[in-house]
Amino acid sequence: MSDTLKILIATDNHVGYLENDQIRGRDSFDTLEEVLILAKENQVDFILLGGDLFHDNRPSLYCLNEVITLIREHCYGNKPCEFYIVSDQSVNFQSRSVHGANVYDPNVNISIPIFSIHGNHDDPSGLGNICVLDVLANGGHINYFGRAYDFRDIQVNPILFEKGATKLLLYGLGNIRDERLHHAWGDGNVKFPRPDPEMEPAWYRNAFNLLVLHQNRVQHGPTSYIPEDFIPDFFNLVVWGHEHDCRIDPEACNGVDIIQPGSSVATSLAEGEAIPKHVGLLEVTGTDYTLQKIPLNTVRPFEWTSVSLSEVPGLTPDPKACEQYLTSVIEDLIKRAETKWKERQPEEQQQQQREAPLPLIRVRVYYTAEFEAFNVVVFGKKFINRVANPKDILKFSRVARSARQQQRNTRDTAANSTVPVPERLDTLKIENLVGEILGRNLAVLPENELQDVVQKLIEKDDKNALSSYVDQSLNRMKRRMIDSEDRSHITDLSDDYVKRRALALKEERHNAYAQETHEE
């Protein structure tokens, strides 16, 4: 038996994304199957997924059935398991605390086990606070690990793998809201249990330490990300999920190597999604590793570019001239997408002359006051059956003359219904919009708590989130008004009294929730 552990690494599969779209509906399923086939062809010991296996935390029955079918087809079999898990599996796999890892379950034949943390799309929620990964784990299809149950004391317990002379400690941390995790990490409440250095066994000192997490790596606010220097320096390698642009080549940071595999399907038309997508084949022998990046050939071609109309030589502000110019840009991108797709196909498929799928095309158009934005949907009709996204090929962005003017234009654009819809949407963020609408003018419900509930309703499609929250809040307020107030001296329970009392209780809850959020 070899001493080398072979691991196929992928993140952000987003299975089920646009599953009802006639053109792009199969994209996420086809690429997941390619990932599983690559694992089988390379005879890996296991697959490691870095979160967001599913695009929704409540996937459709169709989506769930497709994923289970693919796993059974490619990951089940009689191939013997060549590694041992020597840690406490009841701690590592709490969804299967009785049975442990599925590779040791006598009721299923697993040839390639899958180990996965949850992301922000398939995280626990709803009744019982479970996620779809719990369902797959209980069915014996995957091994779900890395969930934190107490945000005030986050214990990241490793899975200890042993294969020959190689020992691997796999630490996993499923997605936690970035602000919460940032505060917890900064306060020293994120712990990676390790033995006392003086009592540490020799094999533990010679083990390979691997961390997989699913958080913002790019800073979006003061605490809405996880700084790279938070990562303890005893880790040999970090697999960073959540960010979709592929940066799979190891990047050194404070003595720790970080890889960012990126998504395996484009869920937006951002520039980072157009970077060629890969998975990684990690081979660990002792404390040394090698990483081979493997391109994904089933990914739909995506070409992205930007143009500034005012900088195009000879281009006048005439709308027809602008349309003709942008049409030529898109034609070039379509040809480039087809050429690149053919180049990355294996030789046997090139000989079969397989037709290239319709590409994704996005052109960000910067324009100044003398130019006009036009209807992108009407413009895109000429590319129907030639691109996969004819309705949103173009993205208009008006260029302001100064930072102050740009900030003022952003506010004006968001509120001005005469500005083209794409430009208004380009300036809006859900959290900012919700916060602006709610302000601090509510009489009963605390704004900060309601804002989180509304975001949950939008991002998680939890249709019961708002109604359940309102019912719970009203019931809580009624109890407080009855229990905590001596009303024996009140002769007239006026509307004014009720409003004052409700406002006081709302402010009390507002402050309590703010404190809870900080502590978590």
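Above this text is the structure in question.
As the structure is a computational prediction, the values presented were derived from the model and not from experiment. (Residues numbered from 1 in each chain as written. Predicted model: local features only at pLDDT ≥ 70, side-chain atom pairs only at ≥ 80, totals over all residues. Heavy atoms only, no water.)

Colleague: Which residues make up the sheet that holds strand 3 (residues 84-85), and what are the values?
Modeller: Strands sit in the order 3-7-8-10-11-13-12 across an open sheet of 7 strands; the sheet is mixed. Single-partner strands in this sheet number two, and they are strand 3 and strand 12 (247-253). Of the strand pairs in this sheet, strand 7 (residues 159-163) and strand 8 (residues 166-173) are connected by 5 bridges, and their pairing is antiparallel. Opposite Phe161, over in strand 8, you have Leu168 as the bridge partner. (Pairing = 2+ DSSP bridges. Helix = DSSP H or I, 4+ residues; strand = E, 2+ residues; numbered from the N terminus.)

Colleague: Could you give an account of empty space enclosed by the protein, naming the residues involved and the relevant values?
Modeller: With the rule as written, the count across this model stands at 1 cavity of 30 Å³ or more. In terms of lining residues, the largest cavity is bounded by Asp45, Lys79, Pro80, Cys81, Glu82, Phe83, Ser111 and Pro113. Residue classes in the lining of the largest cavity are distributed as 4 nonpolar, 1 polar and 3 charged. (1 Å grid on protein atoms, 1.4 Å probe; cavity = no way out; pocket = protein on both sides within 12 Å on 5 of 7 lines; lining within 4 Å. Points joined across faces, edges and corners; volume = space filled by probe spheres on them. Nonpolar A, V, L, I, M, F, W, Y, C, P; charged D, E, K, R; others polar.)

Colleague: An account of the sheet that holds strand 17 (residues 360-367) is requested, with residue identities and associated values reported.
Modeller: One open sheet accounts for 3 strands, arranged 16-17-18; its pairing is parallel. Two strands lie at the open edges of the sheet, namely strand 16 (302-308) and strand 18 (394-398), each paired on one side alone. The sheet shows a mean angle of 15° between the axes of neighbouring strands, taken without regard to direction. One ladder, built from 7 bridges, connects strand 16 with strand 17; its direction is parallel. Looking at strand 17, one finds that Thr305 is bridged to Val363. (Axes fitted to C-alpha atoms, helices over the stretch in contact; angles between N-to-C directions.)

Colleague: I'd like a rundown of the pattern of salt bridges, residues and numbers included.
Modeller: In total, this model carries 19 salt bridges according to the counting rule given. A salt bridge links Asp30 to Arg26, with the nearest nitrogen and oxygen atoms 3.9 Å apart. One salt bridge connects Glu303 with Lys340, and the closest N-O pair in it is separated by 3.3 Å. Taken together, the residues Glu303 in strand 16 and Lys340 in helix 7 (residues 319-344) connect sequence positions 37 residues apart. What makes Lys340 partly exposed here is its relative accessible area of 41%. Residues participating in the shared-partner salt-bridge network are Arg217, Glu228, Arg247 and Glu251. (Salt bridge = Lys/Arg side-chain N within 4 Å of Asp/Glu carboxyl O. Buried < 20%, exposed > 50% of the residue type's maximum accessible area, 1.4 Å probe, protein only.)

Colleague: Describe the environment of Asn138, and please don't skip the residues or the numbers.
Modeller: Relative to the assigned elements, Asn138 resides in helix 4 (residues 132-138). Given a relative accessible area of 53%, Asn138 falls into the exposed group. Between the C-alpha atom of Asn138 and that of His99, which follows or precedes it by 39 residues, the distance is 9.2 Å. Non-local contacts of Asn138, meaning those with residues more than four positions away in its chain, are made with Ser95 and Arg96. (Contact = heavy atoms within 4.5 Å.)

Colleague: Requested: an account of the packing of helix 1 (residues 27-41) against helix 2 (residues 61-75), with residues and values cited.
Modeller: In contact at an axis separation of 10 Å, helix 1 and helix 2 are set at 15° when each is read in the N-to-C sense. Considered as vectors, helix 1 and helix 2 are oriented roughly parallel to each other. Two packed elements cross with a definite hand, and for helix 1 against helix 2 that hand is right-handed. Here Phe29, Leu32, Glu33, Leu36, Ile37 and Lys40 of helix 1 come into contact with helix 2, specifically with Tyr62, Cys63, Glu66, Val67, Leu70, Ile71, Glu73, His74 and Cys75. (Parallel < 35°, antiparallel > 145°, perpendicular 65-115°, else oblique. Left-handed = near helix turned anticlockwise from the far one by under 90°.)

Colleague: How would you summarise a nonpolar patch on the surface if you had to cite specific residues and measurements?
Modeller: Residues Met1, Tyr84, Val86 and Tyr104 make up a contiguous nonpolar surface patch of roughly 440 Å² in combined accessible area. If you trace the backbone, Tyr84 turns up in strand 3. (Patch = residues over 30% accessible without salt bridge, like charges linked within 9 Å, V, L, I, M, F, W, Y side chains within 5 Å. Areas by Shrake-Rupley, 256 points an atom, 1.4 Å probe, with all protein chains shown as cover.)

Colleague: Provide a residue-level description of helix 5 (residues 178-186), including the pertinent values.
Modeller: What helix 5 keeps buried is the set Asp178, Arg180, Leu181, His182, Ala184 and Trp185. Downstream of helix 5 by a residue or two, Gly188 has a phi angle that is positive, lying close to 80°.

Colleague: Please give an account of the packing of aromatic side chains that cites residues and values.
Modeller: Enumeration over the complete set of coordinates arrives at 20 aromatic pairs. A centroid spacing of 5.6 Å and a plane angle of 75° characterise the contact between Phe29 and Tyr62, whose relative ring orientation is edge-to-face. You can see Phe29 sitting in helix 1 and its partner Tyr62 sitting in helix 2, a full 33 residues away along the chain. A relative accessible area of 40% means that Tyr62 is categorised as partly exposed. (Phe/Tyr/Trp six-rings, centres within 6.5 Å; stacked < 30°, edge-to-face > 60°.)

Colleague: Lay out the nonpolar core in plain terms, naming residues and giving numbers.
Modeller: Ranked by size, the top nonpolar core spans 37 residues in total, and within it Leu8, Ile47, Leu53, Phe54, Ile114, Leu133 and Val279 carry the most contacts. With sequence-adjacent residues up to four places away left out, Val279 is seen in contact with Leu8, Ile9, Ala10, Val35, Leu38, Ile248, Gln292, Lys293, Ile294 and Leu296. (Core = buried A, V, L, I, M, F, W, Y, C linked by side-chain atoms within 4.5 Å.)

Colleague: Can you explain unusual backbone geometry? Please cite residues and give values.
Modeller: Even without glycine at this site, Asp52 takes up a positive phi of about 60°. The backbone of Asn254 shows a phi angle near 55°, a positive value even though the residue is not glycine. Looking at where Asn254 falls in the secondary structure, it is placed in the loop between strand 12 and strand 13 (256-260).

Colleague: Tell me about the environment of Leu181, and name the residues and values.
Modeller: Mapped onto the secondary structure, Leu181 falls in helix 5. C-alpha separation for the pair Leu181 and Gln215, spaced 34 residues apart in sequence, amounts to 9.1 Å. Excluding residues within four positions of it along the chain, Leu181 makes contact with Ile154, Leu173, Ile176, Val190, Gln215 and Ile226.

Interpretation in functional terms is not warranted from these geometric data alone.
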